[in-house]
Amino acid sequence: MSETSSAPVRLRVAPSPTGDPHVGTAYMSLFNLAFARQQGGRFVLRIEDTDRARFRADSEQQVFDTLHWLGLTWDEGPDVGGPYAPYRQSERLDTYQPYVQRLLEEGHAYQCWCSPERLAEMRDKQQKLKLPTGYDRLCLGKTREERAELPGFNETPVVRMLVPDDVELQFDDLIRGRVSAPRPDDQVILKADGFPTYHLAVVVDDHEMGITHVVRGEEWISSTPKHILLYRWLGLEAPKFAHMPLLRNNDKSKISKRKNPAARLTWFQEQGYLPEALVNFLALLAYPPKQDAEGNDVEVFSFADFAKDFDWTKVNPVGPIFDLKKLEWLNGVYIRELEVGDLASRLLPFLERDGVLSGNPSLGELARLKSITELIQTRMALLSEATALVAPFYVADDALEIADDARAQLKDGAQEVLATALRVLGDIDDTGTGVLGSESGWNGPAIEAALREAIVEGLGIKPKLAFGPLRTAVSGQRISPPLFESMEILGKTSTLARLQRLHDELV
């Protein structure tokens, strides 16, 4: 989408540090950043921490960490600075006061001394009478002394904007075209604690920081007329608006951290999703994939590909369903495309977390992990699934646990299969030869050939059934990495010890 203004575009994301970062923060950051990069503009991270009741000190760092993990990096922000610092609202309180004063002096705002109890009663009465809820302007035009004589008086006033009867309720949206919003009431713009509300702070900060495009969730459509009013009253140029569709659960409800663990950005890290897969998925949620020469959807793409041809008019305004099965499929695609060494290094934190490896693995353990990773790369959809597949390679032979479902599927002939395997595998020479003794007769093809000849042909057991007992003995699982390669990695001594152990248990 071409930009007619000669000034570089400036976009921002402005999360509130009130707990684990919401996946919506990444979703908004992605679309803001894509347009900023396409246009050669700037992307700003601003922390909106004026809600002191819900503020959490550790949450800001989590915002930094999770967005960095996703590669959604900003040009200006609290941690990197920039020409419009400070980038935390709590450090900008002096900035808002002149704007509030001007609105008061020009009659666009007024002080309100109503107590919380009085406001709650007012709302209650409005709801019972089925009236529109909103402030009844009891304080409008009154001095402090006049208001103090009436019930429900609070010593410290707030400041409310005075919304005129002829307020414009329509505005242009880059995604939705001409949009209509409900009539706002006299919104509080300065709280009793001296902190601005979102509505004033967002207008002032976006102006002061030169923001040209405000991209946010569709829940803010109803607030946009208030913001446009503030821009007009203060003589400021309003930015362009784009209201993104909200992410939704399968039941169409808004995705929330209270009801859905996938609403937390940290959850995706914990579960073992790749950041590039999550970014790809978030883009697909509200944007159509490109098509190849045959007209097929190209659903796997990089952030650079996404940003290159980005166009606001292509964003689907209908709230997308957050389909974790689709994300899992995408994650598997990305896992299979990784270079083996890269994948192994990404598995390490999960293996350390689950106690498979220590925080300081030896060179031998790391070399083994790379070999195992090559075997399991096609068998994972999540990095966290590696633990069950990898653990058997790092446990003592006599400590390997046999899973109940693996033990249950052992047939009557399992002991004979194990005895036969012990005999033929014992004959394979595992003496190291070649450079640094890295080659030996104990290798996947040789192991497979010996076992097929002895068990499939010798005992007449179908291949599908022939190797189940061996897989159970070696990995402890019904489903495991490829059997013959696993035996090669484990080595002859461990393989025979595990086969013998299960054989003896079946006597």
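That block above? That's the structure.
Residues numbered from 1 in each chain as written. Predicted model: local features only at pLDDT ≥ 70, side-chain atom pairs only at ≥ 80, totals over all residues. Heavy atoms only, no water.

(A) Region of the structure containing the overall build of the protein chain. In terms of regular secondary structure, the protein chain is built from 21 helices and 11 strands. Against the compact-globule benchmark of 23 Å for 507 residues, the protein chain has a radius of gyration of 32 Å, which places it well outside the compact range. Referenced to the eigenvectors of the C-alpha coordinate spread, the extents of the protein chain come out at roughly 100 × 50 × 40 Å. Every one of the 507 residues in the protein chain was classed for burial, and the buried ones make up 49%. Residue pairs at least 24 apart in sequence account for 76% of intrachain contacts in the protein chain once pairs closer than 6 positions are excluded. The average position of the 58 basic charges and that of the 75 acidic charges among the side chains of the protein chain differ by 6 Å. (Helix = DSSP H or I, 4+ residues; strand = E, 2+ residues; numbered from the N terminus. Rg over C-alpha atoms; globule rule 2.2 N^0.38 Å. Buried < 20%, exposed > 50% of the residue type's maximum accessible area, 1.4 Å probe, protein only. Contact = heavy atoms within 4.5 Å. Lys, Arg positive; Asp, Glu negative; His and termini not counted. Charge placed at Lys NZ, Arg CZ, Asp CG, Glu CD.)

(B) Representation of the sheet that holds strand 7 (residues 188–190) in the model. Reading across the sheet, the 3 strands line up as 3-4-7 and stay open at both edges, with antiparallel pairing between neighbours. Only two strands of the sheet have a single neighbouring strand rather than two, namely strand 3 (109–114) and strand 7. Across this sheet, the average inter-strand angle for adjacent strands is 55°, counted without regard to direction. Summarising the sheet, strand 4 (residues 153–161) and strand 7 pair through 2 bridges and their orientation is antiparallel. Directly across from Arg160, in strand 7, lies its bridge partner Val188. (Pairing = 2+ DSSP bridges. Axes fitted to C-alpha atoms, helices over the stretch in contact; angles between N-to-C directions.)

(C) Up close: the nonpolar core. In terms of nonpolar packing, the biggest core is built from 107 residues, with Phe31, Trp312, Leu451 and Leu470 touching the most fellow members. Here the element with the most residues in this core is helix 1 (residues 23–38); it accounts for 10 residues. Among all residues touching Phe31, those that are not within four sequence positions of it are Met244, Leu282, Ala283, Ala286, Tyr287, Phe306, Phe310, Trp312 and Val315. Tyr99, Val163, Tyr198 and Leu234 belong to the second largest nonpolar core, which has 33 residues in total. (Core = buried A, V, L, I, M, F, W, Y, C linked by side-chain atoms within 4.5 Å.)

(D) Up close: the side chain of Gln377. Structurally, Gln377 is set in the loop between helix 13 (363–376) and helix 14 (386–390). Those residues in contact with Gln377 that lie beyond four places of it in its chain are Ile335, Arg336, Leu338, Val340 and Leu343.

(E) Structural context of the pattern of salt bridges. One pass over the full model with this rule turns up 32 salt bridges. Its salt-bridge partner being Asp206, residue Arg46 comes within 2.9 Å of it at the nearest N-O pair. You can see Arg46 sitting in the loop between strand 2 (42–45) and helix 2 (59–69) and its partner Asp206 sitting in helix 6 (residues 198–208), a full 160 residues away along the chain. With a relative accessible area of 0%, Arg46 lands in the buried category. For Glu106, the salt bridge goes to Arg102, with nearest N and O atoms at 3.3 Å. Residues joined in a network through salt bridges with shared partners are Arg12, Arg46, Glu48, Arg92, Asp205 and Asp206. (Salt bridge = Lys/Arg side-chain N within 4 Å of Asp/Glu carboxyl O.)

(F) Expanded view of the pairing of strand 9 (residues 240–244). With respect to burial, strand 9 is a largely interior element, 4 of its 5 residues being buried. Here strand 8 (residues 213–217) pairs with strand 9 via 5 bridges, running parallel. From the neighbouring strand, His213 faces strand 9, where its bridge partner is Lys240. The handedness of the strand 8 to strand 9 crossover, carried by helix 7 (residues 224–233), is right-handed. (Right-handed = clockwise from strand over helix to strand, strands pointing away.)

Keep in mind these numbers describe shape, not what the thing actually does.
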